[in-house]
Amino acid sequence: MHGKRKFLSLKKAEIKERKRVEALAEKYSLLESTFDHLSPGISVYDADLRLVAFNQRYVELLDYPPGFVRLGLLFEEIVRFNAERGEFGPGDTDELIRARVDALKLGKAHRIERIRPNGTVLVVDRNPLPNGGWVSTHTDITELKRAQEALQEALEQQTATSEILRTISSSPTDLAPVFNTILANACRLCEANLAALWRYSGEVLVGGAHYNASPEFAEFFMKASLQPGPQGPARKAALERRTVHVTDLLAEPGFSPAVLQLERARTVLAVPLLRENVLLGVITMWRREVRPFTEQQIALVQTFADQAVIAIENARLFQEIEEKSRQIEIASKHKSQFLANMSHELRTPLSAIIGFTELVMTRSKDVLPGKQYANLERILMNAQHLLSLINEILDLSKIEAGRIEIHPAAFALEPLVDLCLRTVEPLVKSDRLRLIKEIEPNLPTLFTDEDRLKQILINLLSNAVKFTKEGAVTVTGRCQNREIVLAVQDTGIGIPEQALAQIFEEFHQVDSSSTRQYGGTGLGLAITRHLTQLLGGDITVQSRVGAGSTFTVRLPQHYAAGEAEEPAGRATEGCESQSKERG
């Protein structure tokens, strides 16, 4: 009985051990499967640098022949095999082996990056083990490298494109900096030895710009004159309006002997500059070796060609604008001179008509029948109106010609306002329209051109009276922050909001109906603004249709460009001191 129990106990132990072994075997199989399917290639060496473990990925990454990699293989034998098949590049095989073995003997972890002959990029990490052995991991980073290179290439191209656009923007009429920037970036990014840009004159290609060319070729290029044709890449690109890519000029029947002899060029790329299929030029790039340009490089040069077209078109448009501006300026001067001459010619007889009419009216008031006297009044009124229009045209001509002179002097503002109001009183045709003056007391003396300020006020008051049938035209004056602020406010027809931005333009009328009803040339406000600005100030307007308008003139109390001396007394007392007194 005792023996039987002992047998059962041993049997249980055997079964338990078998299960443990099976579990270990299962775990080992799982571990081995995982090890073989890891993405990096892994190889493990003992202290004697013999291979004790490796996975299938290691064999695949290094393209080892079947059966070569085996347990117990020395690290030195693996390195020799790789060296002899060119894995480490040119060099003495023994030296290449010694360098790698010595690196392991130092016992320090290290990483190397290498490019295999087939173009695969591997990162090799070697780390020491506690027992003196090593574990090496080989990771394929080819796709990562390509992505990084593509990103870097795209970034460089974007930077180059931005640089070219900045140059185009900063040099709209001078094409030389633009062409130089384009050619420099094209050579750098496309790994070309030299580049040139031909301009098309309408009949032939002529030298426009070159980069990195020898003095001999530069001289030849700038003197060259090429007709489009099949005799060479640039001519062919111009003739056929398409990109021409020649791998080897020696194999091209129509090669250019000059570029071969002077620059030893072999591979060439010619890209036409086209604007809606109209030829403007050709970009040509050369390499001194037989190495074709890639599709990406060709596309990049085509992009640069498009930017060159933009620059050429910008320069042409700028030149056209400058020429038209010059012609407009000349025409404007002729117009101003003509208006000035005609105005003078008209004003002399018109002044005579006004003078004789006034004389006849004075001497014949009691003799002439009422109807004839009324006709004389109508003649005088129309003649005076025509004279005011001529004077406006003369003022505008002087302003445009820069012949308006400013004669500053010290004077009190209120008497000038009184004079202006008396001047426009005859224009008031209704008892329902009042002229009101609201001038702040004790205003400081104003130092500016009195006649020009009077002209400004009369223009504004005349306009206000003309467009106001009833209510009031109010002129106000006050001092604020070293400025005299004058405002002319009316209760007239007002100005539409959309017309406010243009009312100070020359010959502008709010609409044709008001022109027919109220008359005028549309010069009064334009002249007023010019005169205000000549006095160092500005004019603004606020208006609402049906409620009236307010024109506000701000002038410096002291005209800045005046050279006359101010009299002592209130002239030195500015708006600031007036504000303090009121405060």
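Residues numbered from 1 in each chain as written. Predicted model: local features only at pLDDT ≥ 70, side-chain atom pairs only at ≥ 80, totals over all residues. Heavy atoms only, no water.

1. Here we look at the overall build of the chain
Move 1: Counting secondary structure elements, the chain contains 16 helices and 18 strands.
Move 2: Within the chain, buried positions represent 38% of all 583 residues.
Move 3: Element-wise, carbon and sulfur atoms account for 53% of the exposed surface of the chain, whose accessible area totals about 33400 Å². (Helix = DSSP H or I, 4+ residues; strand = E, 2+ residues; numbered from the N terminus. Buried < 20%, exposed > 50% of the residue type's maximum accessible area, 1.4 Å probe, protein only. Areas by Shrake-Rupley, 256 points an atom, 1.4 Å probe, with all protein chains shown as cover.)

2. What to know about the sheet that holds strand E1 (residues 41–45)
Move 1: What the five strands build is an open sheet, ordered E2-E1-E5-E4-E3; its pairing is antiparallel. Looking at the sheet topology across the chains shown, the edges are occupied by strand E2 (51–54) and strand E3 (110–115). Pairs of neighbouring strands in the sheet enclose a mean axial angle of 20°, with direction left out of account.
Move 2: Looking at chain direction, strand E4 (residues 121–128) and strand E5 (residues 134–140) are connected through seven bridges and run antiparallel. Paired with Val 123 across the bridge in E5 is Thr 139. (Pairing = 2+ DSSP bridges. Axes fitted to C-alpha atoms, helices over the stretch in contact; angles between N-to-C directions.)

3. Remarks on helix H13 (residues 450–466)
Move 1: With 17 residues, H13 extends 24 Å between its outermost C-alpha atoms, agreeing within 8% with the 24 Å of an ideal straight helix rising 1.5 Å per residue.
Move 2: Along H13, the residues that are buried comprise Arg 452, Leu 453, Gln 455, Ile 456, Leu 457, Ile 458, Asn 459, Leu 460, Leu 461, Ala 464 and Val 465.
Move 3: Backbone nitrogen of Asp 451 and a side-chain oxygen of the N-cap are separated by 3.1 Å at the start of H13; the cap is Asp 449. (Expected span 1.5 Å × (residues − 1). Polar contact = N/O pair within 3.5 Å; in protein donor to acceptor, adjacent residues only side chain to side chain.)

4. Remarks on the sheet that holds strand E16 (residues 483–490)
Move 1: Spatially, E13-E15-E16-E18-E17 is the arrangement adopted by the five strands of the open sheet, whose pairing is mixed. Because the sheet does not close on itself, it has two edges, and the strands there are strand E13 (433–439) and strand E17 (538–544). Across this sheet, the average inter-strand angle for adjacent strands is 15°, counted without regard to direction.
Move 2: Bridge count for E16 against strand E18 (residues 548–556) is seven bridges, and the pairing is antiparallel. Paired with Ala 487 across the two strands is Thr 552, which belongs to E18.
Move 3: The strands touched by helix H12 (residues 413–424) are E13, strand E15 (471–480) and E16; relative to E13, the strand with the most contacts, the crossing angle is about 175°. (Contact = heavy atoms within 4.5 Å.)

5. With respect to unusual backbone geometry
Move 1: Located in the positive-phi region is Asp 63, a residue other than glycine, with phi close to 55°.
Move 2: With respect to the helices and strands, Asp 63 occurs in the loop between helix H2 (56–61) and helix H3 (75–84).
Move 3: What makes Asp 63 partly exposed here is its relative accessible area of 42%.
Move 4: Even without a glycine there, the phi angle at Asn 212 is positive, about 65°.

6. Overview of the pattern of salt bridges
Move 1: Enumeration according to the criterion identifies 23 salt bridges in this entry.
Move 2: Glu 313 is the partner of Arg 316 in a salt bridge, and the nearest nitrogen-oxygen pair spans 2.8 Å. Taken together, the residues span about one helical turn, with Arg 316 and Glu 313 both in helix H10 (residues 295–363) at a distance of three residues.
Move 3: Each of Asp 63, Arg 85, Glu 87, Arg 114 and Arg 116 takes part in a single network of salt bridges with overlapping partners. (Salt bridge = Lys/Arg side-chain N within 4 Å of Asp/Glu carboxyl O.)

7. Observations regarding the environment of Thr 139
Move 1: As for its position among the elements, Thr 139 is in strand E5.
Move 2: Taking relative accessible area as the criterion, Thr 139 reaches 27% and is therefore assigned partly exposed.
Move 3: Residues Thr 139 and Tyr 58, 81 residues apart in the sequence, show an inter-C-alpha distance of 9.1 Å.
Move 4: Apart from the residues lying within four places of it in its own chain, the contact partners of Thr 139 are Pro 40, Val 121, Leu 122 and Val 123.

8. Some words on the packing of aromatic side chains
Move 1: In this structure the tally under the stated criterion is nine aromatic pairs.
Move 2: On the basis of an interplanar angle of 45° and a centroid distance of 5.8 Å, the ring pair of Phe 217 and Phe 220 is categorised as tilted. Here Phe 217 and its partner Phe 220 are both found in helix H7 (residues 215–223), three residues apart, which amounts to about one turn of the helix.
Move 3: Among the residues examined, Phe 217 registers a relative accessible area of 2% and is labelled buried.
Move 4: In this structure Phe 220 comes out as partly exposed when scored by relative accessible area, which is 31%.
Move 5: Ring geometry for Phe 217 and Trp 286: centres 5.5 Å apart, planes at 80°, overall edge-to-face. Here the residue Phe 217 occupies a position in helix H7, and Trp 286 occupies one in strand E11 (residues 278–287), the gap between them amounting to 69 residues.
Move 6: A relative accessible area of 6% means that Trp 286 is categorised as buried.
Move 7: Connected via pairs of aromatic rings, a cluster forms that spans Trp 198, Phe 217, Phe 220, Phe 221 and Trp 286. (Phe/Tyr/Trp six-rings, centres within 6.5 Å; stacked < 30°, edge-to-face > 60°.)

9. Some details on the environment of Leu 531
Move 1: Structurally, the position occupied by Leu 531 is in helix H15 (residues 524–534).
Move 2: The spatial distance from the C-alpha of Leu 531 to the C-alpha of Leu 453 is 8.0 Å, given a sequence separation of 78 residues.

10. Some points on the packing of H3 against helix H4 (residues 93–105)
Move 1: Interaxial distance between H3 and H4 falls to 9 Å at its minimum, and their mutual angle equals 140°. Taken together, the axis directions place H3 and H4 in an arrangement best described as oblique. The two elements H3 and H4 meet at a crossing, and its hand is right-handed. Contact with H3, carried on its side by Phe 75, Glu 76, Val 79, Arg 80, Ala 83 and Glu 84, involves Thr 93, Asp 94, Leu 96, Ile 97, Arg 100, Val 101 and Leu 104 of H4 and no other residues of that element.
Move 2: When grouped by side-chain class, the residues that make up the contact of H3 with H4 number seven nonpolar, one polar and five charged. (Parallel < 35°, antiparallel > 145°, perpendicular 65-115°, else oblique. Left-handed = near helix turned anticlockwise from the far one by under 90°. Nonpolar A, V, L, I, M, F, W, Y, C, P; charged D, E, K, R; others polar.)

11. Structural notes on the pairing of E16
Move 1: Taken across its eight residues, E16 has six buried, putting it largely inside the fold.
Move 2: One ladder, built from eight bridges, connects E15 with E16; its direction is antiparallel. Paired with Arg 478 across the strands is Val 485, a residue of E16.
Move 3: Connecting the antiparallel pair E15 and E16 is a turn made up of two residues, with Asn 481 showing a positive phi of about 50°.

12. Observations concerning the confidence of the model for the chain
Move 1: Of the residues in the chain, 81% reach a pLDDT of 70 or more, and the chain-wide mean stands at 81.
Move 2: Considering only residues more than four positions removed or in separate chains, one finds that residues 579–583, a stretch of pLDDT under 50, has three contacts. (pLDDT = per-residue confidence, 0-100.)

13. So, empty space enclosed by the protein
Empty pockets left among the atoms are what a rolling probe the size of a water molecule brings to light.
Move 1: Enumeration according to the criterion identifies one cavity of 30 Å³ or more in this entry.
Move 2: Looking at the largest cavity, its volume works out to about 110 Å³.
Move 3: For the largest cavity, the lining is made up of 15 residues, of which Phe 75, Ile 78, Asn 82, Arg 126 and His 138 are closest to its centre.
Move 4: Broken down by secondary-structure element, the contributors of at least two residues to the lining of the largest cavity are E1, H3 and E5.
Move 5: In terms of residue count, the dominant contributor to the lining of the largest cavity is H3 (four residues).
Move 6: Residues belonging to the lining of the largest cavity are distributed by class as follows: eight nonpolar, four polar and three charged. (1 Å grid on protein atoms, 1.4 Å probe; cavity = no way out; pocket = protein on both sides within 12 Å on 5 of 7 lines; lining within 4 Å. Points joined across faces, edges and corners; volume = space filled by probe spheres on them.)

14. Quick look at the packing of helix H5 (residues 142–170) against helix H6 (residues 175–190)
Move 1: Viewed as axis vectors pointing N to C, H5 and H6 meet at an angle of 170°, and their least axial separation amounts to 9 Å. On the basis of the axis angle, H5 is roughly antiparallel to H6. Across the interface between the two elements, Glu 156, Gln 157, Ala 160, Glu 163, Ile 164, Thr 167 and Ile 168 of H5 pack against Pro 177, Val 178, Thr 181, Ile 182, Asn 185, Arg 188 and Leu 189 of H6.
Move 2: Here the contact of H5 with H6 is composed, by residue class, of seven nonpolar, four polar and three charged.

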